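Observations on the three-dimensional arrangement
One letter stands for each residue in the lines below.
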Amino acid sequence: MQSKYPIGILGATGMVGQRFIQLLENHPWFEVAWLAASDRSSGRKYGDAARWRLDTPLPDRIARMTVSPAEPAGAPRIIFAALDADIAREMEPRFAAAGCAVVSNSSAFRMHANVPLVIPEVNPEHLHLIEEQPWRKESGGYMVTNPNCSAIGLVMALKPLEERFGLEQIFVATMQAVSGAGYPGVPSMDILGNVVPYIKSEEEKMEAETLKLLGRLAEHAVEPLAARMTAHCNRVAVEDGHTESVSIKLGNKLGRPVTREDMLAAWAEFQPLAGLNLPMAPEQPVEWAPQDDRPQPRLDRNRGRGMGVTVGRLRPCGLLDWKFTVLSHNTIRGAAGAAILNAELLASLGKLEPASVAAAQA
């Protein structure tokens, strides 16, 4: 790629916005050219407007950038959006209508029929829904979303199993890090020495998004996977990394019982992005941890530079067929990194070019 795509970040001062900045520093394809946040930050230098909370230094170039108003005028064509759902619901369509490719981390439009909810390793074909969006026809703009931070790790682990064996029932109980609540997150008096067995709307999102991600693209929408699913979502005193205990009932695609070796082979051989050379893509999307007490957030969340999903503790389930543990980094794989990988896939497909250019190249 001879020159980098200029990109903008909506919600740049928040925790996911900061993670975008961290992950895009020295990115070979994308360069941060525009930052936008709330009215109280607009017009200020980013270093003054944002309270930097990550474990790498705020890049000097970014610190000196002026935060722009959150308006399409003057924004680059490619927008990474890190907005609360209520704000995104009003703001993201305005940028799409203005001709922007909006790559969103928000939940606001994930379940809309013509908005692709995408994990590149799982359902890249769902990106065709872009062409169903009215903004694509009118201005060339569109919206693409990545999933909920708890759904993404689960679906990465389930996809190779669903492909090979089929899936009929899914049970998952999550132990979710406090960073999933944004900054300042959960008050210390609520979470230290405690487990909070409720995260607003999380179980509903996880169930609906999982089945959409594993579903089949029909003519104008996605038909969700015809499986039964239930989720229990809990907040725990962990900084980063969502852990999930999963039990599944498999289908009968093999025509015989699925063995432990079958399960391990499905994960090990799952490399759907091999050869595409997408910078954020992990070499091994789903990694097996053979130790009895792994995966653990502190030890395993940064596998694949935070983009890999780790599975472990595979054993027979006395209620369904198999049970295992899944771990993923919730603010990298589950948020900013997921959106960047979606944008890389869009770039590889020519979908980040203006619609007129893309049509001429087709």
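Residues numbered from 1 in each chain as written. Predicted model: local features only at pLDDT ≥ 70, side-chain atom pairs only at ≥ 80, totals over all residues. Heavy atoms only, no water.

Digging into the sheet that holds strand β1 (residues 5-10)
Strand pairing in a sheet is mediated by backbone hydrogen bonds. Such pairs are either parallel or antiparallel. Condition: Note: two strands are recorded as paired if DSSP finds a minimum of 2 bridges between them. A helix here means a DSSP run of H or I that spans at least four residues, while a strand means a run of E at least two residues long, and both kinds are numbered starting from the N terminus. An axis is simply a line fitted to the C-alpha atoms; with a helix, the fit covers only the stretch in contact. Between two such axes, the angle follows the N-to-C directions and lies from 0 to 180 degrees. For this analysis, residues touch if any pair of their heavy atoms sits within 4.5 Å.
Read across the sheet, 5 strands follow the order β2-β1-β3-β4-β5 without closing on themselves; strand pairing throughout is parallel. Each edge of the open sheet is held by one strand with a lone partner, namely β2 (30-36) and β5 (142-145). Adjacent strand axes in the sheet meet at a mean angle of 25 degrees when their direction is disregarded. Contacts from helix α1 (residues 15-24) reach β1, β2 and β3 (78-81), with the element oriented near 160 degrees to β1.

Section: the sheet that holds strand β12 (residues 286-289)
Strand order in the open sheet made by the 7 strands is β7-β10-β6-β11-β14-β13-β12, with mixed pairing throughout. The open sheet terminates on both sides in strands that have one partner only, identified here as β7 (195-196) and β12. Pairing analysis gives 7 bridges linking strand β11 (residues 242-250) to strand β14 (residues 322-328), with the strands arranged antiparallel. What sits directly across from His-242, in β14, is Ser-328. Packed onto the sheet, helix α8 (residues 202-213) meets β6 (167-176), β10 (228-236) and β11 and runs at close to 135 degrees relative to β10.

Topic: the pairing of β3
Working note: regular strand, side chains alternate between the two faces of the sheet. Cut-off, in case you're wondering: Working definition: with a 1.4 Å probe on protein chains only, accessible area under 20% of the residue-type maximum means buried, over 50% means exposed, and in between means partly exposed. By definition, the crossover connecting two strands over a helix is right-handed if that path, from the first strand to the second, turns clockwise as seen with the strands pointing away from the viewer.
Alternating positions in β3 separate into two faces, Ile-78 and Phe-80 on one and Ile-79 and Ala-81 on the other, with burial throughout. Pairing analysis gives 4 bridges linking β3 to strand β4 (residues 101-104), with the strands arranged parallel. The residue bridging Phe-80 from the neighbouring strand is Val-103, located in β4. Crossover β3 to β4 through helix α4 (residues 85-97) is right-handed.

Overview of the nonpolar core
What counts, and what does not: Residues grouped as a nonpolar core are buried Ala, Val, Leu, Ile, Met, Phe, Trp, Tyr and Cys residues, joined through side-chain atoms within 4.5 Å.
Formed by 47 residues in total, the largest nonpolar core has its most connected members in Phe-30, Tyr-46 and Phe-80. Listed by contribution, the elements that provide at least two residues to this core are β1, α1, β2, α2 (46-49), β3, β4, β5 and α11 (332-348). Sort the elements by how many residues they give to this core and α11 lands first, with 9 residues.

Examining the confidence of the model for the protein chain
Heads up, the condition is: On a range of 0 to 100, pLDDT expresses the predictor's confidence in each residue.
The pLDDT averaged across the protein chain works out to 95; a share of 97% of its residues lies at or above 70. Low pLDDT, under 50, characterises residues 356-362; the stretch is placed with 3 contacts to residues that sit more than four places away or in other chains.

Examining the packing of aromatic side chains
Selection criterion: Pairing of aromatic side chains requires ring centres within 6.5 Å, counting the rings of Phe and Tyr and the six-membered ring of Trp. Pairs whose planes differ by under 30 degrees are stacked, by over 60 edge-to-face, and all others tilted.
Inspection of every chain in the model, using the stated rule, returns 6 aromatic pairs. Both rings, one in Tyr-5 and one in Phe-30, keep their centres 5.9 Å apart while their planes meet at 45 degrees; by these two values the pair is tilted. Remark: Phe-30 occurs in strand β2 and Tyr-5 occurs in strand β1; sequence separation between them is 25 residues. By relative accessible area, Tyr-5 is classed as buried at 14%.

Observations regarding the side chain of Thr-145
As for its position among the elements, Thr-145 is in strand β5. The buried category is assigned to Thr-145, whose relative accessible area is 1%. Sequence-distant contacts of Thr-145, defined by excluding residues within four places in its chain, comprise Ser-104, Ser-106, Phe-109, Arg-110, Val-115, Pro-116, Leu-117, Val-118 and Asn-342.

Describing the packing of helix α6 (residues 149-165) against α11
Keep this limit in mind: Throughout, the term roughly parallel applies to angles under 35 degrees, roughly antiparallel to angles over 145, roughly perpendicular to angles from 65 to 115, and oblique to all others. For this scheme, ten residues count as nonpolar: Ala, Val, Leu, Ile, Met, Phe, Trp, Tyr, Cys and Pro. Four count as charged, namely Asp, Glu, Lys and Arg, and the remainder, Gly too, count as polar.
The geometry of α6 relative to α11 is characterised by a closest axis approach of 8 Å and an angle of 90 degrees between their N-to-C directions. Here α6 lies roughly perpendicular to α11, going by the angle between them. Contacts between α6 and α11 involve Cys-149, Ile-152 and Met-156 on the former and, on the latter, Arg-333, Gly-334 and Ala-338. Considered class by class, the residues forming the contact of α6 with α11 number 4 nonpolar, 1 polar and 1 charged.

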